[in-house]
Amino acid sequence: MLLRRVSVILGLTFAYAACTSGAGRAPLGAAAGAGGFVAGAGEAGVPGGGDGVEAGTGGTSTGTGGTSNGGAGGAQGGTQRAGSGFDDAGAPSTGGASGEDGGWVPPIGGTSGNGDAALGGRAGVGGVAGGGAFSASGGLEGAGFAGGGGSASVNIAVDDFSEYQVVQRVPLGASQLVSVHGKLTDPGTRTRAIEARVVDFATGMTEVVPWTSIVAAPTGNFSGQLEVPEGGWYRIAVRAVDAARTALGAGLGAHRWGVGINVLLIGQSNMVGNGNVQTFTQVTSDLSALYGNDNRWKHLADPYDGGGTASEIDYDSWIGASLVPSLANALATTFVGVPVGFVTAARGSSPLHGNEDISWVKRTAANHADTSNLYGNSLSNARAAGGVEVVVMHQGETDATNETSKADYEADLQTLLAHYREDLYDTVPLFICQIGRATTTLADKNRTDENVQLIRSAQHDSDDGANVLLAALAIDLPLDPSAADHYTKAGHDLLGPRIANAISYYFGKSQYYRGPALTSATYATSARDVIEVHVQHRGGKDISPSSGINGFQVFDDGAPVALAATTRKNASTISIALDAPISGIGSVRYLYGRLSVNSLSGAVHDDSDLALPLEPTASDLIVQ
């Protein structure tokens, strides 16, 4: 845990009460407090007045009081007669024996002439030390802390959390055992325990976790644990207490922190952000935090993936607007009052497949957190942040360029998931985004229809709803014409809430996470010149637009067939009228390949709150 030290010293004071001698009144005795006392040598009594009326003042005890341990009683005064006559000075009384362990007995002063016996008072916490003797006049002089002979203070310092730090809760849980560290300075060794509590950050008045003992019999540096419920922002407090739980010193953290959900962000440039877009979406929740490339916690803001040095494996100089602020804003409305932290790890142009250091599937066997490769660096960042609960990945465009096969990509996704489950925790989910369209030239990126389709299909088929989840589609997002294959700010703002909804689904806070899908295709006429494709809904109940639907392709034995019109027939059926009937084997595909246009008009969406797009077909539908 990343920590910063703060100190508060709590001083303790004593009240001093003088005892006046009446007619031969004996001086006050004292009982030890928590730490015992050692009485000083007594003084002789003062002779009485010459008129023979006033008795002499009783002398103090000359014996040495016993030392009591752990809250034992102090000295018990003797009862020897103090004086024998009106004009005699009082004789010193004999010192009492040490009190019984665990209590205190008020000493009884000796009587002097006809003087009254005076009951001894109790000393302050820690008792009196060698310098704190009783005077003949009965006043308590310089009662100090045990062993010090004067005033001594307890100093306790707590190692504070970082500002905006999100402590990862127990995955799928609602709390976490939080480590609390610090340093105790106690010259009198009076501290019997260190206690900690958690209060709200805003006012410091609402107690989240009450004072709880975390360390018994502490000395010097201390470390303990405190169970803290999810939520924030919080402030940590510690105190040193004696055997009676009286505070001897206290410390209060200065930084806001909380217990919540951390999200590891991996992938390539569309996860990093579009460097050409420098207008940023504002993060609306103060409970959204970032563990950035500078290895520090802070409030989340775009461009979130800045910082670091060129020598680091995940360094990107080309940064700009990203999907992360809109993702954070959407999660804040679902996980109300729960801090969400985002951990940077993405790098532009990084493939999944391969054996290079920038290939996500590569892991160093001898050191899984090896920061010289992307996987190890992401693991190192996740651990430094205190752990993560979910992994979100937007990646695949470079694998399309590299002609990665569908089988290899699917196998690598499973390997990557297995790596994170071994190194983070054994059920961590992987949320993936399906890649969007490709407008780059083939000479530049080699993203052919087939290459793009293979990756998109591999991502589609890897979804199982529990381990790898197809969190969002990017097929319909607007692309920036000045930064080919990268989304506009509006595109990022659509993508973030889609991913957030998938995460919400995983945690049981949404009923769906995927949009509508095509399930089958049939001929609507005996002439086979009209095809109906059937839609399965997940979150919505209807589709749009009603006409001018774009993105369908029809084939007759593999040869393309021209389309006359594509319209909505009903809430779950789309009708495709053909220019010519099908004579051989008919097949239908939707949103296939590159789709090299900046804006995809006429794509089908459902009527859910997120208006999710109709999913591209992973493979062609055979018309029945």
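Here, the structure is the one placed above.
These numbers come from a predicted model, not from an experiment.

What follows concerns the sheet that holds strand β25 (residues 573–578). Here 4 strands make up an open sheet; going across it, the order is β19-β20-β25-β24 and the pairing antiparallel. The open sheet has two edge strands, β19 (517–523) and β24 (563–570), and neither has a second partner. Averaged over all adjacent pairs, the angle separating strand axes in this sheet is 25°, with direction ignored.

So, on to the pattern of salt bridges. With the rule as written, the count across this model stands at 22 salt bridges. Of the charged contacts in the structure, one is a salt bridge between R447 and D485, with a shortest N-O distance of 2.5 Å. With a gap of 38 residues between them, R447 in the loop between α6 (442–445) and α7 (449–462) and D485 in the loop between β18 (468–473) and α8 (489–506) connect regions that are remote in the sequence. Residues R447 and D485 agree in their burial class; the two are buried. Residue K569 is joined to E532 by a salt bridge in which the shortest nitrogen-to-oxygen separation is 2.7 Å. Linking K569 in strand β24 with E532 in strand β20 (residues 530–536), this pair joins segments that are 37 residues apart in sequence. In this structure K569 comes out as partly exposed when scored by relative accessible area, which is 48%. Residues joined by salt bridges that share partners form a network here, namely D463, R514, R538 and E615.

If a strand is regular, its side chains alternate between the two faces of the sheet. Of all 5 residues in strand β26 (residues 586–590), 5 are buried; the element is thus mostly enclosed. Burial along β26 is two-sided: the residues G586, V588 and Y590 and S587 and R589 are all buried. Bridging between strand β22 (residues 552–556) and β26 involves 5 bridges; their strand directions are antiparallel. Looking across to β26, one finds that F552 is bridged to Y590. As judged from the 2 bridges shared by β26 and strand β28 (residues 621–622), these two strands associate in the antiparallel manner. For V588, the partnering residue across the bridge sits in β28 and is L621.

Turning our attention to the side chain of S326. Relative to the helices and strands, S326 is located in helix α2 (residues 324–334). For S326, a relative accessible area of 7% corresponds to the buried category. Ignoring anything within four residues of it in the chain, the contact list for S326 reads H492, D493, G496 and P497.

This part covers the environment of T488. Within the secondary structure, T488 is located in the loop between β18 and α8. Distance from T488 to A321, taken between C-alpha atoms, is 8.1 Å for residues 167 residues apart in sequence. Other than its neighbours up to four places away in sequence, T488 contacts P478, L479 and D480.

So, on to the nonpolar core. Formed by 69 residues in total, the largest nonpolar core has its most connected members in I531 and F552. Of the residues forming this core, the biggest block, 5 residues, is contributed by helix α5 (residues 406–423). Residues contacting F552, with those up to four places away along its chain left out, are L518, V533, L563, T566, I574, I576, V588, R589, Y590 and L614.

A few words now on the packing of α2 against α8. The contact between α2 and α8 brings their axes to 7 Å, and the two run at 40°. The pairing of α2 with α8 is recorded here as oblique in orientation. Our pair here, α2 against α8, has a crossing hand that is right-handed. Note on element contacts: α8 touches α2 through H492, D493, G496, P497, I499, A500, I503 and S504, opposite S326, L327, A330, L331 and T334.

Before going further, it helps to spend a moment on α2. Taken across its 11 residues, α2 has 8 buried, putting it largely inside the fold. Those residues of α2 not exposed but buried are V324, P325, S326, L327, A328, N329, A330 and L331. Where α2 is buried, its residues meet β12 (257–267), β13 (288–291), β15 (340–344) and α8.

On to the packing of aromatic side chains, then. Throughout the structure, instances matching the rule amount to 10 aromatic pairs. Look at Y234 and W257: their rings are 5.5 Å apart centre to centre, the planes differ by 80°, and that puts the pair in the edge-to-face class. Pair noted here: Y234 is in strand β10 (residues 231–241) and W257 is in strand β12, with a separation of 23 residues, a long-range link. We note that Y234, like W257, is buried. Taking 5.6 Å as the distance between ring centres and 90° as the angle between the ring planes, the aromatic pair formed by F335 and F507 counts as edge-to-face. Here F335 is found in the loop between α2 and β15, whereas its partner F507 is found in the loop between α8 and β19, with 172 residues between them in sequence. This pair shows no difference in class: F335 is buried, exactly as F507 is. Aromatic ring contacts, followed pair by pair, group F335, F431, Y506 and F507 into a single cluster.

Turning next to unusual backbone geometry. Trans peptide bonds make up most of the peptide bonds, and negative phi angles are found at most residues other than glycine. G232 connects to W233 through a cis peptide bond whose omega is -5°. In this model, D302 is joined to P303 through a cis peptide bond whose omega is 0°. By the element assignment, P303 lies in the loop between β14 (297–299) and α2. One non-glycine residue, S349, lies in the positive phi region at around 65°. Structurally, S349 is set in the loop between β15 and α3 (374–384). For L595, which is not glycine, the phi torsion reads 50° and is therefore positive. Examined against the element boundaries, L595 turns out to sit in the loop between β26 and β27 (605–606).

Cut-offs applied
Residues numbered from 1 in each chain as written. Predicted model: local features only at pLDDT ≥ 70, side-chain atom pairs only at ≥ 80, totals over all residues. Heavy atoms only, no water. Pairing = 2+ DSSP bridges. Helix = DSSP H or I, 4+ residues; strand = E, 2+ residues; numbered from the N terminus. Axes fitted to C-alpha atoms, helices over the stretch in contact; angles between N-to-C directions. Salt bridge = Lys/Arg side-chain N within 4 Å of Asp/Glu carboxyl O. Buried < 20%, exposed > 50% of the residue type's maximum accessible area, 1.4 Å probe, protein only. Contact = heavy atoms within 4.5 Å. Core = buried A, V, L, I, M, F, W, Y, C linked by side-chain atoms within 4.5 Å. Parallel < 35°, antiparallel > 145°, perpendicular 65-115°, else oblique. Left-handed = near helix turned anticlockwise from the far one by under 90°. Phe/Tyr/Trp six-rings, centres within 6.5 Å; stacked < 30°, edge-to-face > 60°.

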